[in-house]
Amino acid sequence: MRDSGHPGRIATYPAEKIRRQAAQGRGNPPIRPFRRAGRKSTTREPIIQEPEAHDRQWSEGFEPEATRRDADVTESTRANRGWWDRNADEYQTEHGTFLGDDRFVWGPEGLDEVEAGLLGRPEELKGKDVLEIGAGAAQCARWLAAQGARPVALDLSHRQLQHALRIGGAFPLVCADACALPFADASFDLACSAYGAVPFVADPRLVLREVYRVLRPGGRFVFSVTHPIRWAFPDEPGPEGLSVSASYFDRTPYVEQDEQGRAVYVEHHRTLGDRVRDVVASGFRLVDLVEPEWPAWNTSEWGGWSPLRGSLIPGTAIFVCERD
């Protein structure tokens, strides 16, 4: 489907504009809900996307170079916005069946919020204002809406949010940087992020402090990331992924870069202790740390995640945080 086949709109707020308005005392821009017309689609449909001009070299066999080097906040944001815009179609096609259109899955293990209840019992979500950060195609927000919550789905990638438009749903979609959330203080009762934003920013405290700001007192933020121990192992699903190959304490970011040395994908490593300290330093109280075990029913592989590795070492860490 072409972009012109997606009715509706995505509210876009560049971080630079938000920071400039804040400096001028103009506050945060309003977020206007909208409804989408047209038929309901599905994540399993094949997607057609015309490559951008600056990306066409990639379709001719170019492969980024993988390395470990420093990458600051600006470089990480620019690289990851571009990567998710380029790869959103492939990601949704490959993982759409597993994620579903309206499931809330915390990670490749398949832990479902229906079972976990990390945001609260489903009946307690009705009427709650919930922010999903790094929403992708907004599958989690769609599940929240079905429970009677009032979700807002935010993502850095415009193309990911176009998939949310394609699937459908009557809740706001916002394209913005999680390090500069375009919402007023105390706007939400809950916030969640399933592998969104936190692993990709150079300073996760920027995200955590922003989430703290937009939560109401007593609000809860639950986010999942790759389990830090995985950084000591090769990112392989088979036996080769079970031998330590790097220092767990090496916090140098993983970077994929082009021929000019420009980052096109960045992921940042924090130890488990780092993550806990980030949460506490941002004002939250850590109430739980969940390490999902690999269930017997899940026979699928997802990148470096697999039944083999999942039965031996943790793959996901879920932090349950509360604002007093």
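Because the structure is a prediction, the values reported are computed rather than measured.

### So, the pairing of strand S7 (residues 215-226)
- Strand direction decides the pairing type here: strand S6 (residues 188-194) and S7, joined by 6 bridges, are parallel. Residue pairing in the sheet places Leu-190 in a bridge with Arg-220 of S7.
- The parallel pair S6 and S7 is bridged by helix H6 (residues 204-214), and the resulting crossover is right-handed.
- When S7 meets strand S11 (residues 316-322), the two strands line up antiparallel, connected through 7 bridges. Among the inter-strand pairings, Phe-221 is bridged to a residue of S11, identified as Cys-321.

### Quick notes on the sheet that holds strand S2 (residues 65-68)
- An order of S2-S8-S9 is seen for the 3 strands of this open sheet, with the pairing classed as antiparallel. One side of each edge strand has no neighbouring strand; the edge strands of this open sheet are S2 and strand S9 (263-267). Across this sheet, the average inter-strand angle for adjacent strands is 20°, counted without regard to direction.
- Taken together, the 4 bridges between strand S8 (residues 254-257) and S9 define a ladder with antiparallel strand orientation. Pairing of Tyr-254 across the sheet is with Glu-267, part of S9.
- The sheet strands contacting helix H2 (residues 73-99) are S8 and S9, and the helix crosses S9 at an angle near 105°.

### Observations regarding the side chain of Asn-80
- If you trace the backbone, Asn-80 turns up in helix H2.
- Those residues in contact with Asn-80 that sit more than four places away from it in its chain are Leu-156, Phe-200, Tyr-265 and Val-266.

### Structural notes on the environment of Phe-249
- Looking at the element boundaries, Phe-249 is found in the loop between S7 and S8.
- Judged by relative accessible area, Phe-249 falls into the exposed class, the value being 57%.
- For the pair Phe-249 and His-269, spaced 20 residues apart in the sequence, the C-alpha separation amounts to 9.0 Å.

### A short note on helix H7 (residues 272-281)
- Considered for burial, the residues of H7 that qualify are Asp-274, Arg-275, Asp-278 and Val-279. Axial view of H7: buried residues confined to an arc of 135°, hence all on one face.
- In the core, the buried residues of H7 are packed alongside H6, S7, strand S10 (285-290) and S11.

### Focus: the packing of aromatic side chains
- Within this structure, the stated rule accounts for 17 aromatic pairs.
- Both rings, one in Phe-104 and one in Trp-143, keep their centres 5.9 Å apart while their planes meet at 85°; by these two values the pair is edge-to-face. Linking Phe-104 in the loop between H2 and helix H3 (113-116) with Trp-143 in helix H4 (residues 139-146), this pair joins segments that are 39 residues apart in sequence. No difference in accessibility class separates Phe-104 from Trp-143, as the two residues are buried.
- Ring centres 6.2 Å apart and planes at 70° place the aromatic pair Tyr-254 and Tyr-265 in the edge-to-face group. In this pair, Tyr-254 sits in strand S8 while Tyr-265 sits in strand S9, placing the two residues 11 residues apart along the sequence.
- Exposure remark for Tyr-254: the relative accessible area of 26% places this residue in the partly exposed category.
- An aromatic cluster is present here, built from Trp-83, Trp-84, Tyr-91, Phe-98, Phe-200, Tyr-254, Tyr-265 and Trp-302 joined pairwise through their rings.
- The lysine or arginine in question, Arg-103, covers the ring of Phe-98, its NZ or CZ lying 5.9 Å from the ring centre.
- When the ring centre of Tyr-212 is taken as reference, the NZ or CZ atom of Arg-323 above it lies at 4.3 Å.

### Here's the deal with the pattern of salt bridges
- Across all of its chains, the model carries 19 salt bridges by this definition.
- A salt bridge links Arg-205 to Asp-278; its shortest N-O distance comes to 2.8 Å. One end of the pair, Arg-205, is in helix H6; the other, Asp-278, is in helix H7, and 73 residues separate them in sequence.
- Measuring nitrogen to oxygen at the nearest pair gives 2.9 Å for the salt bridge that ties Glu-322 to Arg-285. Taken together, the residues Glu-322 in strand S11 and Arg-285 in strand S10 connect sequence positions 37 residues apart.
- Its relative accessible area of 17% is what places Glu-322 among the buried residues.
- The network of salt bridges with shared partners includes Asp-129, Arg-150, Asp-189 and Arg-216.

### Looking at the confidence of the model for the protein
- Across the protein, pLDDT averages 86, with 82% of residues at or above 70.
- Note that residues 1-8 has pLDDT below 50 and, in this model, 18 contacts with residues that lie over four places away or in other chains.
- This stretch, residues 16-57, has a pLDDT under 50; its non-local contacts, to residues over four places away or in other chains, come to 87 contacts.

Calculation notes
- Residues numbered from 1 in each chain as written.
- Predicted model: local features only at pLDDT ≥ 70, side-chain atom pairs only at ≥ 80, totals over all residues.
- Heavy atoms only, no water.
- Pairing = 2+ DSSP bridges.
- Helix = DSSP H or I, 4+ residues; strand = E, 2+ residues; numbered from the N terminus.
- Right-handed = clockwise from strand over helix to strand, strands pointing away.
- Axes fitted to C-alpha atoms, helices over the stretch in contact; angles between N-to-C directions.
- Contact = heavy atoms within 4.5 Å.
- Buried < 20%, exposed > 50% of the residue type's maximum accessible area, 1.4 Å probe, protein only.
- Arc of directions from axis to C-beta.
- Phe/Tyr/Trp six-rings, centres within 6.5 Å; stacked < 30°, edge-to-face > 60°.
- Lys NZ or Arg CZ within 6 Å of the ring centre and 35° of its normal.
- Salt bridge = Lys/Arg side-chain N within 4 Å of Asp/Glu carboxyl O.
- pLDDT = per-residue confidence, 0-100.

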